[in-house]
Amino acid sequence: MINAVKTIGVLTSGGDAPGMNAAIRAVVRTSISNGLSVKGIRRGYAGLLEEDIIDMNNLAVSDIIQTGGTILYTARCREFKHEEYQKKGAEICRKHGIDGVVVIGGDGSFNGASKLAENGINTIGVPGTIDLDIACTEYTIGFDTAINTAMEAIDKLRDTSESHERCSIVEVMGRTAGHIALWTGIASGAEYILTAERFHGDIQRIITKVQDRRRLGKKNHIIVNAEGVGNSNEMAKLIELATGIETRATILGHIQRGGNPTCKDRVYASAMGAKAVELLCEGKTNRVVGYHHGEFLDFDIQEALSMEKSLDPYLFHITRKLTTR
Ligand code: ADP
Ligand code: F6P
């Protein structure tokens, strides 16, 4: 089969995620083994507009599958939301002989990918975000590592909470989505999991639950709070005031985005990076790779962006039963 593209450009965009390097490696190595040239576009769309473009070969991606972060760097680039810069980006691709682009990032980055496609550059998105907030896929690169990092941190917090007989509010990332909170809350046996999707500001319910558990003899209380739900420090003060139990807030923050990717993140990122190149070789464009029911598939970007993702209802349902003492 004759490849529909000759030179592939690969970029990472938006928040970084562990496993992005494994995806870059897969793009580079699959391209080369299919007889294509590969260029790395550094710092996302910002680097594209500044022509921060480097040649890549097999050696350039050696020993990166196990590392967090992204060797291509990442950025957020406001200009790229404007048509003139999207056209400029496509022209720069043509100038550098790039006729296919793999964009590794989240929803925002896929919007940018779609604009490159509209401007004549074959473009495929690969879901890379710790937030798991992309509806067309059951898996996004980085989620598995992030939840394991958060879970380990919460396990440690529980030790000190127990010693001091305290309540702990742990704030995890997720932008506006509660997947990280739901998974880490279940995995760490949290007493309460707050997500923007399901929590409607009834702090009294949390207070009552903490009081009930304390009466039953529980010595520590873990509440997992998804970012965006409310101010964890303020909530900690309210709980302490109402219950008389010392309460501390811990905001896990960007540590959730770092660290060596888990086996799952490395393998899925490798498969998705390879799939993106195969799609470009087949002449596909304006598509995004997804994982659904055990298969790596592809979807139209607009269709993917219009889908809605909700929290897993069964996981949410069981939390009620599992969080009793
Ligand atoms: P993520 O890809 O993780 O969702 P962002 O929402 O920050 O992260 O988007 C990353 C980048 O994608 C933005 O900084 C911008 O360069 C590009 N982008 C986002 N939205 C659009 C859009 N509507 N049109 C073109 N480019 C966009
Ligand atoms: O999308 C990944 C993410 O880590 C979100 O969970 C979080 O809201 C956001 O990025 C933080 O972005 P920044 O790196 O700009 O602080």
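Relevant structure appears above.
A brief look at the structure comes next.

Cut-offs used in this document
Residues numbered from 1 in each chain as written. Chains lettered and ligands numbered in written order. Predicted model: local features only at pLDDT ≥ 70, side-chain atom pairs only at ≥ 80, totals over all residues. Heavy atoms only, no water. Helix = DSSP H or I, 4+ residues; strand = E, 2+ residues; numbered from the N terminus. Rg over C-alpha atoms; globule rule 2.2 N^0.38 Å. Buried < 20%, exposed > 50% of the residue type's maximum accessible area, 1.4 Å probe, protein only. Contact = heavy atoms within 4.5 Å. Phe/Tyr/Trp six-rings, centres within 6.5 Å; stacked < 30°, edge-to-face > 60°. Core = buried A, V, L, I, M, F, W, Y, C linked by side-chain atoms within 4.5 Å. Domains from an automatic or database assignment. Near = heavy atom within 4 Å. Polar contact = N/O pair within 3.5 Å; in protein donor to acceptor, adjacent residues only side chain to side chain. Areas by Shrake-Rupley, 256 points an atom, 1.4 Å probe, with all protein chains shown as cover. Nonpolar A, V, L, I, M, F, W, Y, C, P; charged D, E, K, R; others polar. Pairing = 2+ DSSP bridges. Right-handed = clockwise from strand over helix to strand, strands pointing away.

## A few points about the overall build of the chain
And step 1. A tally of helices and strands in the chain yields eleven helices and eleven strands.
And step 2. Over its C-alpha atoms the chain spans a radius of gyration of 22 Å, differing by no more than 12% from the 20 Å that the globule rule assigns to 325 residues.
And step 3. Its C-alpha atoms give the chain principal-axis dimensions of roughly 70 × 35 × 35 Å.
And step 4. Going through the 325 residues of the chain one by one, you find that 53% of them count as buried.
And step 5. A separation of at least 24 residues holds for 74% of the contacts in the chain among residues at least 6 apart in sequence.

## Describing the packing of aromatic side chains
The geometry of an aromatic ring pair is captured by two quantities: the separation of the ring centres and the angle between the planes.
And step 1. Considering all chains together, one arrives at six aromatic pairs under this definition.
And step 2. Considering the side-chain rings of F143 and W183, the 5.7 Å spacing of their centres and the 85° angle between planes classify their relative orientation as edge-to-face. A residue pair is termed long-range when its members are at least 10 positions apart, and F143 in helix α5 (residues 143-164) and W183 in helix α6 (residues 179-187) qualify at 40 residues.
And step 3. Aromatic ring contacts, followed pair by pair, group Y139, Y268, Y291 and F296 into a single cluster.

## Concerning the environment of G68
And step 1. Note on placement: G68 falls in the loop between β3 (53-56) and α3 (83-95).
And step 2. The spacing of G68 and I32 is 36 residues in sequence and 23 Å in space, taken between C-alpha atoms.
And step 3. Not counting chain neighbours up to four residues away, the residues in contact with G68 comprise N21, G259, N260 and P261.

## What about the nonpolar core?
And step 1. Grouped together as the largest cluster of nonpolar side chains are 57 residues, with contacts concentrated most on I8, V10, M56, V102, I104 and V126.
And step 2. Looking at this core, you find at least three residues from each of domain 1 (7-142 + 261-306) and domain 2 (146-257).
And step 3. With residues near it in sequence (within four places) discarded, V10 still touches V27, V38, K39, G40, I41, M56, L72, V102 and I104.
And step 4. In terms of nonpolar packing, the next biggest core, distinct from the first, is built from 25 residues, L11, C93, V101 and I121 among them.

## Things to note about the site of ligand 1
And step 1. Near ligand 1 lie 16 residues; those nearest to it are R76, C77, G106, G108 and S109.
And step 2. In this structure, G106 approaches ligand 1 through a main-chain N or O atom, which is 3.0 Å from an oxygen atom.
And step 3. Taking D107, its main chain carries an N or O atom lying 3.4 Å from an oxygen atom of ligand 1.
And step 4. In isolation ligand 1 exposes 550 Å². Once the protein is present, 84% of that is buried.
And step 5. Top element by residues in the shell around ligand 1 is helix α4 (residues 107-118). It accounts for five residues.
And step 6. Counted by class, the shell around ligand 1 contains three nonpolar, nine polar and four charged residues.

## Here's the deal with the site of ligand 2
And step 1. Around ligand 2, the neighbouring residues are R76, T129, I130, D131, M173, G174, R175, E227, H254 and R257.
And step 2. The side chain of R175 places a nitrogen or oxygen atom 3.1 Å from an oxygen atom of ligand 2.
And step 3. Within the contact set of ligand 2, an oxygen atom lies 2.8 Å away from a side-chain nitrogen or oxygen of R257.
And step 4. Here ligand 2 loses 75% of its free accessible area of 400 Å² to cover by the protein chains.
And step 5. Taken together, the residues of the shell around ligand 2 sort by class into two nonpolar, three polar and five charged.
And step 6. Taken domain by domain, the makeup of the shell around ligand 2 includes at least three residues from each of domain 1 (7-142 + 261-306) and domain 2 (146-257).

## Observations regarding the pairing of strand β1 (residues 7-12)
And step 1. For β1, the buried fraction is high: six of the six residues fall into the buried class.
And step 2. Residues T7, G9 and L11 line one face of β1 and the alternating positions I8, V10 and T12 line the opposite face, and both faces are buried.
And step 3. For β1 and strand β2 (residues 37-41), the ladder comprises four bridges, and the chain directions are parallel. By the bridge assignment for β2, I8 is matched with V38.
And step 4. In the classification by handedness, the crossover that spans β1, the intervening helix α1 (residues 20-33) and the parallel β2 is right-handed.
And step 5. Two strands pair when backbone bridges link them, and β1 and strand β4 (residues 100-105) are joined in this way by five bridges, in the parallel orientation. From the neighbouring strand, G9 faces β4, where its bridge partner is V101.

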